[in-house]
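Observations on chain architecture
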Amino acid sequence: MPISFSRRLTGRVRTRSANYQLAGVLTLIAGATNAGGFLVVEQYTSHMTGILSAVADNLAFYNYKLALSGLAALLSFIAGSIVSTLMIQRNRSLGRESEYAAPLMLEALLLLCFGVMSNQLERFEWLFIPLTVWLLCFVMGLQNALITMMSQSEIRTTHITGMVTDIGIELGKMSRCSQGSCTKNKRLIRTKSHKLLLSIVLVLLFLTGGVIGAYGFKYVDCVFTISLAVVLLVLACVPVIDDIRKGRLRLPT
């Protein structure tokens, strides 16, 4: 991958096209991680609505252990969002090029941890299954907060419910316009078409990532996790190297 492309995709200076391209890659990875994680721990980890509903069900039927585990998963997602926000704000205050690349580096390392933990599930199932769920929820929160802050709340990579809702809203608006019930504003219509297309593409990428992730985790297991981490590392490494060269970031000695 060309250095200039990596710098544009994950660097501090943002463009809308770079945000969309990075969102596409991250949505693909989120879909793969979510589907692969389900094969490992039999639970989806990007769906906080489902997790919170499960907590309510478990509380109603006095399954307090499962309810607490679900609450821990929810808090892990929130913790990931907090960590991502703090890293971005810290790097921004220091004027670092790795403002957004740093959370991606952390996500890559956590995916490697997921790969290692998935190999230990059979030996220490009682320990590593809940830890794996919480880790993946943390990763999802980390990534979702990153792209949300980067795009100024325009894009999310794990919130498919919101994307599908946006598709319905934009189709409704466009349907009304096609019936002549709105002003003939070509710029407004183009904006609606663009948002609709973006939402559809992201939903399809999440689905594609899910299919790829399911096959990957089924046939090559943790090796597939390493490939996801490598993609993130390649994307994020250039801004980090730029900071090291400029003396804004020092490697531990």
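Before going into details, it helps to say that this report is about the structure given with it. (Residues numbered from 1 in each chain as written. Predicted model: local features only at pLDDT ≥ 70, side-chain atom pairs only at ≥ 80, totals over all residues. Heavy atoms only, no water.)

Here we come to the packing of helix H1 (residues 3-10) against helix H9 (residues 222-245). Where H1 meets H9, the closest approach of the two axes is 8 Å, and the angle between their N-to-C directions is 90 degrees. Classed by the angle they form, the pair H1 and H9 counts as roughly perpendicular. Only Val-234, Leu-235, Ala-236, Val-238, Pro-239 and Asp-242 of H9 make contact with H1, whose side of the interface consists of Ile-3, Ser-6, Arg-7, Leu-9 and Thr-10. Its residues assigned to classes, the contact of H1 with H9 comprises 7 nonpolar, 2 polar and 2 charged. (Axes fitted to C-alpha atoms, helices over the stretch in contact; angles between N-to-C directions. Helix = DSSP H or I, 4+ residues; strand = E, 2+ residues; numbered from the N terminus. Parallel < 35°, antiparallel > 145°, perpendicular 65-115°, else oblique. Contact = heavy atoms within 4.5 Å. Nonpolar A, V, L, I, M, F, W, Y, C, P; charged D, E, K, R; others polar.)

Take Ser-17: it is sitting in helix H2 (residues 16-41). A polar atom in the side chain of Ser-17 sits 3.3 Å from the side chain of Thr-15. (Polar contact = N/O pair within 3.5 Å; in protein donor to acceptor, adjacent residues only side chain to side chain.)

Roughly 540 Å³ of volume is contained in the largest pocket. Surrounding the largest pocket, 20 residues form its lining, Gln-43, Lys-65, Leu-66, Ser-69 and Gly-70 being those nearest its centre. At the level of elements, helix H3 (48-60), helix H4 (64-93) and helix H6 (125-150) are the ones that each hand at least two residues to the lining of the largest pocket. The leading source of residues in the lining of the largest pocket is H6, at 6 residues. Split into classes, the residues belonging to the lining of the largest pocket amount to 12 nonpolar, 6 polar and 2 charged. (1 Å grid on protein atoms, 1.4 Å probe; cavity = no way out; pocket = protein on both sides within 12 Å on 5 of 7 lines; lining within 4 Å. Points joined across faces, edges and corners; volume = space filled by probe spheres on them.)

Right, let's get into the packing of aromatic side chains. Counting across every chain of the model gives 5 aromatic pairs. On the numbers, 6.2 Å between centres and 70 degrees between planes, the contact of Tyr-62 with Tyr-64 is edge-to-face. Of the residues examined, Tyr-62 reaches a relative accessible area of 62% and is grouped as exposed. Three or more aromatic residues joined by ring pairs form one cluster here, namely Phe-114, Phe-217 and Phe-224. (Phe/Tyr/Trp six-rings, centres within 6.5 Å; stacked < 30°, edge-to-face > 60°. Buried < 20%, exposed > 50% of the residue type's maximum accessible area, 1.4 Å probe, protein only.)

Everything listed here is a matter of coordinates, which is why it stays silent on function.
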